[in-house]
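Spelled out from the first residue to the last, the chains are:
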Amino acid sequence: MANDKKYQGSCFCGSVQFTVSGEPAAMGYCHCESCRSWSAGPVNAFTLWKPEAVKVTRGAENVGSFHKSPNSHRKWCKNCGGHVFTEHPAWSLTDVYAAVIPGFPYKPGVHVNYQETKLRIKDGLPKMKDLPKEMGGSGAELAE
Ligand SMILES: [Zn+2]
Ligand SMILES: [Zn+2]
């Protein structure tokens, strides 16, 4: 682990700081209603990490948490309201928003929950109807 690459992340105001290290398990875009509603954006650019790869290094006391469903514990900065990451305990993965780790070389590989899209993106990447089979979805793909 000592040689793992480390990337700095922070909330909008900088009072919450964290690092991600190593390689993410997956990267892509989520179009689901929950991501859109919580982020107030049309699509969520995600990077999924093992929970131990994500470490809050400053301002842990400022991290708020909310969960509407048991598999998504959403974290944000209580000072500025900026979103930082979402823990998915059932998958043992943490979604760190690509936008809050600006130095990380984000390379999206897939779009998920495309059946809920409000913004079609014709980038040639696979469009999953919901989620991959290994995450409890149908594994079905849709046209762009
Ligand atoms: Zn903040
Ligand atoms: Zn989503």
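Structure: see above.
The structure reproduced in this document is the subject of the present report. (Residues numbered from 1 in each chain as written. Chains lettered and ligands numbered in written order. Predicted model: local features only at pLDDT ≥ 70, side-chain atom pairs only at ≥ 80, totals over all residues. Heavy atoms only, no water.)

## Details of the sheet that holds strand β7 (residues 72–77)
Rules: In this description, strands pair whenever DSSP reports at least two bridges between them. Put simply, DSSP H or I for four residues or longer makes a helix, DSSP E for two residues or longer makes a strand, and each gets a number counted from the N terminus. Only the contacting stretch of a helix is used when fitting its axis, a line to C-alpha atoms as for every element, and angles between N-to-C directions run 0 to 180 degrees.
Reading across the sheet, the seven strands line up as β6-β7-β8-β9-β4-β3-β10 and stay open at both edges, with mixed pairing between neighbours. Each edge of the open sheet is held by one strand with a lone partner, namely β6 (63–69) and β10 (110–112). When strand polarity is set aside, the average angle formed by the axes of neighbouring strands in this sheet is 30°.

## Section: the coordination of the zinc ion (ligand 1)
Selection rule: Here a donor is an N, O or S atom found within 2.8 Å of the metal, or within 3.2 Å if the metal is Na, K or Ca; sites may look incomplete because water is not among the atoms. Think of it in three bands: residues with accessible area under 20% of the maximum for their type are buried, residues over 50% are exposed, and the middle band is partly exposed, with areas taken using a 1.4 Å probe on protein chains only.
The protein atoms donating to the zinc ion (ligand 1) are Cys11 (SG), Cys13 (SG), Cys77 (SG) and Cys80 (SG), with metal-donor distances spanning 2.3 to 2.4 Å. Coordination of the zinc ion (ligand 1) draws on donor residues from a single chain, spaced C-x1-C-x63-C-x2-C in sequence. Note that Cys11 is positioned in the loop between β1 (6–10) and β2 (17–21) and Cys80 in the loop between β7 and β8 (83–88), a separation of 69 residues in sequence. Cys11 sits in the buried class, given a relative accessible area of 4%. For Cys80, a relative accessible area of 27% gives the class partly exposed.

## Observations regarding the coordination of the zinc ion (ligand 2)
Under perfect tetrahedral coordination by four donors, a metal shows angles of 109.5 degrees; under perfect octahedral coordination by six donors, it shows angles of 90 or 180 degrees. Within the protein, the atoms that donate to the zinc ion (ligand 2) are Cys30 (SG), Cys32 (SG) and Cys35 (SG), at distances of 2.2 to 2.3 Å. In the primary sequence, the donor residues of the zinc ion (ligand 2) line up as C-x1-C-x2-C. Judged by its relative accessible area of 7%, Cys30 is buried.

These results come straight from atomic positions and should not be treated as a statement about function.
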